[in-house]
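Observations on the model geometry
Here's the letter readout for the chains.
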Amino acid sequence: MVGQFLRRHGGRIVTYIGFLIFAFVMLFPFYFIVVSSFTPRYEIFQTPPRYFPQNLTLENYPNMIATIPFWQYYANSLIFAIGSSLLSTVVSAMAGYGLARLKFPGSNLVFLGLVLSIALPQVALLVPIREMYNVLGLNNTHLGLIILMSSLVTPFTVWIMVSFVNQIPVEIEEAALIDGATLWQTILRIVLPTMRPALATMLIINFINAWNELLYPMIFATRNDTKTLSVGLISLGREAIGTSRPWDRMSAMSVLMIIPVVILIIFGQRAIVSGLTRGAVK
Amino acid sequence: MVANAENSRTVTRVKTSRLSLNQRRYVAAALLLAPVILLRLFTTLYPFVQTIFLSFEKYNPAFPPRQYVGLGNFEKIASDIVVRSSVEFTLIFVFGSTLFQLIFGIMVASLLNSRFRLRNLARTINLIPWAIPMVVAAVGWRWLFDGTYGWITDLLHRLGIDYSWLIDPVGARIAILIVSVWKSTPFVAISILAGLQGVSEELYEAARVDGANAWQSFWSITLPLIMPLTVTIGMFMLVWQLAVFDLPYAMTSGGPGFATSVLAYQIQQQVATLNYGYASALSVVMFLIVGLIGIIGVVAFRRVQVAL
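On a predicted model such as this, the values are computed, not experimentally measured, just so you know. (Residues numbered from 1 in each chain as written. Chains lettered and ligands numbered in written order. Predicted model: local features only at pLDDT ≥ 70, side-chain atom pairs only at ≥ 80, totals over all residues. Heavy atoms only, no water.)

**Topic: the packing of aromatic side chains**
Counted only if it meets this: Aromatic pairs are defined between Phe, Tyr and Trp rings, using the six-membered ring for Trp, whenever the two ring centres lie within 6.5 Å; interplanar angles under 30 degrees are classed as stacked, those over 60 as edge-to-face, and all others as tilted. Runs of E in the DSSP output that reach at least two residues are strands. Runs of H or I that reach at least four are helices, and both are numbered from the N terminus. Whether a residue is buried, partly exposed or exposed follows from its accessible area with a 1.4 Å probe, protein chains only, as a fraction of its type maximum: under 20%, in between, or over 50%, in that order.
All told, the structure shown has 35 aromatic pairs over all chains when counted by the stated rule. With centroids separated by 4.7 Å and ring planes inclined at 70°, the aromatic side chains of A:F32 and B:W151 adopt a geometry described as edge-to-face. Of the two residues, A:F32 is situated in helix 1 (residues 2-37) and B:W151 in helix 7 (residues 151-158); the pairing between them involves two chains. Exposure remark for B:W151: the relative accessible area of 7% places this residue in the buried category. Taking 5.7 Å as the distance between ring centres and 90° as the angle between the ring planes, the aromatic pair formed by A:F45 and B:W143 counts as edge-to-face. One end of the pair, A:F45, is in the loop between helix 2 (41-44) and helix 3 (60-67); the other, B:W143, is in helix 6 (residues 134-144), on a second chain.

**Concerning the domain arrangement of chain B**
How big an interface is tends to be reported as the loss of accessible area on association of its parts. All names here are of chain B. Definition in use: Note that the domain bounds reflect an automated or database-derived domain assignment. By definition, the buried area sums, over both parts, the 1.4 Å-probe accessible area that each loses when the two are put together. Here, a salt bridge means any side-chain nitrogen of Lys or Arg that lies within 4 Å of a carboxyl oxygen of Asp or Glu. Any pair of nitrogen or oxygen atoms within 3.5 Å is treated as a polar contact; in protein, a donor-acceptor pairing is required on top of that, and neighbouring residues in sequence qualify only through side-chain atoms on both sides.
Domains assigned within chain B are domain 1 (2-54) and domain 2 (81-307). With centres defined by C-alpha atoms, the gap from domain 1 to domain 2 works out at 41 Å. Around 370 Å² of area is buried between domain 1 and domain 2 when both sides are counted, 81% of it from carbon and sulfur atoms. Three residues stand out in domain 1 for area buried against domain 2, namely F48, T51 and L54, and they jointly supply 88% of the buried area on that side. Put simply, domain 1 and domain 2 have zero salt bridges between them. Between domain 1 and domain 2 we count zero residue pairs in polar contact (both at pLDDT 80 or more) in total.

**Let's talk about helix 10 (residues 196-212) of chain A**
What counts here: Each helix should span, by expectation, one fewer than its residue count multiplied by 1.5 Å.
With 17 residues, helix 10 of chain A should reach 24 Å at 1.5 Å per residue; the first-to-last C-alpha distance of 24 Å fits that figure. Of all 17 residues in helix 10 of chain A, 12 are buried; the element is thus mostly enclosed.

**Examining the side chain of B:T98**
Residue and element names in this part refer to chain B. To be explicit about the condition: Contact between two residues is taken to exist if any of their heavy atoms lie within 4.5 Å; hydrogens are not considered.
The residue T98 is located in helix 4 (residues 81-113) in this model. Looking at T98, the relative accessible area reads 4%, which means it is buried. For T98, the side chain forms a polar contact with the main-chain oxygen of V94, separated by 2.7 Å. With sequence-adjacent residues up to four places away left out, T98 is seen in contact with F93, G234, M237, L238 and Q241.

**Notes on the side chain of A:S88**
Residue and element names in this part refer to chain A. Relative to the helices and strands, S88 resides in helix 4 (residues 70-101). A polar contact of 3.3 Å, which involves the side chain of S88, links it to the backbone oxygen of S85. Those residues in contact with S88, other than ones at most four positions away along the chain, are S150, V153, T154, T157 and N206.

**Some details on the interface of chain B and chain A**
The condition that has to hold: The classification used treats Ala, Val, Leu, Ile, Met, Phe, Trp, Tyr, Cys and Pro as nonpolar, Asp, Glu, Lys and Arg as charged, and all other residues, Gly among them, as polar.
Each side of the interface is counted separately: chain B has 91 residues, and chain A has 94 residues. Taken together, both faces of the contact between chain B and chain A bury some 8400 Å²; the carbon and sulfur share is 79%. Of all residues in chain B, B:L32, B:W143 and B:W151 bury the most surface against chain A, accounting for 10% of the area lost on that side. Taken together, chain B and chain A are joined by zero salt bridges. Summed over the shared surface of chain B and chain A, the result is 16 residue pairs in polar contact (both at pLDDT 80 or more). Residue contributions to the side of chain B that touches chain A peak at 21 residues, all from helix 2 (residues 21-54) of chain B. Among the residues making up the side of chain B that touches chain A, the classes are represented as 65 nonpolar, 17 polar and nine charged.

**A closer look at the packing of helix 4 of chain A against helix 7 (residues 142-167) of chain A**
All names here are of chain A. Quick note on the threshold: Angles shown run from 0 to 180 degrees and are taken between the N-to-C directions of axes, each axis being a line fitted to C-alpha atoms and, for helices, limited to the stretch in contact. Note on convention: near helix rotated counterclockwise from far helix by under a right angle means a left-handed crossing. Clockwise means right-handed.
Between helix 4 and helix 7, the shortest axis-to-axis distance is 6 Å and the interhelical angle comes to 40°. Here the hand of the crossing between helix 4 and helix 7 comes out right-handed. Taken together, the residues of the contact of helix 4 with helix 7 break down into 17 nonpolar, 12 polar and one charged.

Laid out in structure tokens, this is it:
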């Protein structure tokens, strides 16, 4: 009897129970951060903790902004994330097309080398880059940070681009070439428009990656005019008063850091999922 | 004027057509690939070679002179208790979190792939931990685990368990693993989702006709089919998480003591204090671990393919 019931509805029940557990685990730290940011300081430092705060307040936000040059960091993060997502996506799309369509002796080797270069950990290459940046004067510059971050995400982006181009039928390009269009005209007028979904996906993903990056800005942007939000959040945490960290202001800052990426995933969910799954199938 | 322009256009056309179609394609390919290759040479290949050379030097710009010390840095590493503990926790962290990310990733991917009304909502929720900054996740969870004000501590206390996660070395390590699994399972899940979408419905139909239940068809159809992909993702996660430094840095600063310090954190600390020679030697240790993981990966991949 039970078995029969389960066979008929079991799947659906299990799915919904699974969904509830999943949603709770994924969202409760998120809920905690958001709620903390609207909780008055004295209530945050209270035991036992309140799961549903009684007095909501906005004061943590101006308090946070008065402690650190928040808007400056915000602008720096935007420049860093927009700059590196644009640069990495454009150069990877170019390379992706080159590797997928314009086969030359050794092109597979180049592709393999690019993908395998992911295995060289970012943190283990810092010293020579720092020396080089000292010589080139790229420390504490937006350009220097954007170059590093773009390079970090290009292997994955090229990978996605190659598999995307491989799925576009080659006939349209051939027809254009036969009609007398040059290779560059074909690329600009035919290939570029068809690659638009892949470009959008990788712009979003690379923006998020850069927005969240800590290591590069921490090492190569030590001054306020280039410091990003991730580094700012850490330095806010180090401003410990007494024994406890300033969680009231840190949570307010966290919420303002989360807002852009949450907007991106709400509107770009399909694009992100299709982009990431495309990378995996190959 | 017009005629002139016409003329020059024909001239360039004649010029380019001197190259064969293949040659022109090679030139185009070179131009298209140049930026990415230059970026990678500049920020990975050159620093990689340079790091290996630096690892044999005693080099701190604040304390000259710079000198060649042979294997000196590596001898120092061998007797450095903090580094040994960091390497130990790095391996626990990398293999432990990858294992659980794969297990939960397969479960979440099955959920995201099953047909139900809230599927799109589930996919959006899944992206939230992946998309929020690691630093934010780390400080948020740090607070949840806090010994005095943390929700998790309080909930356990209500159940009669009094435990200070971040003061106990083992607890702090477990806490870091929990956050890592929470943060990166979504990425693994999306990647595995791609594999699940590739499994044809007909196979499940056939299994159902033969009387297999959902569990049986998962074990004998889904799992074997997504195994190669799972191994690939696992490899990627192993290598990628080797470099994770922001989580322990922002959550525990490697503490208590140096229980949650990982190799990446040690390298960053040495770079920050300008111990460039020693930092490079630690980096070489990290390259060796990458190589080890690569070998494990190749073996695992062979076995999976043989099993198929």
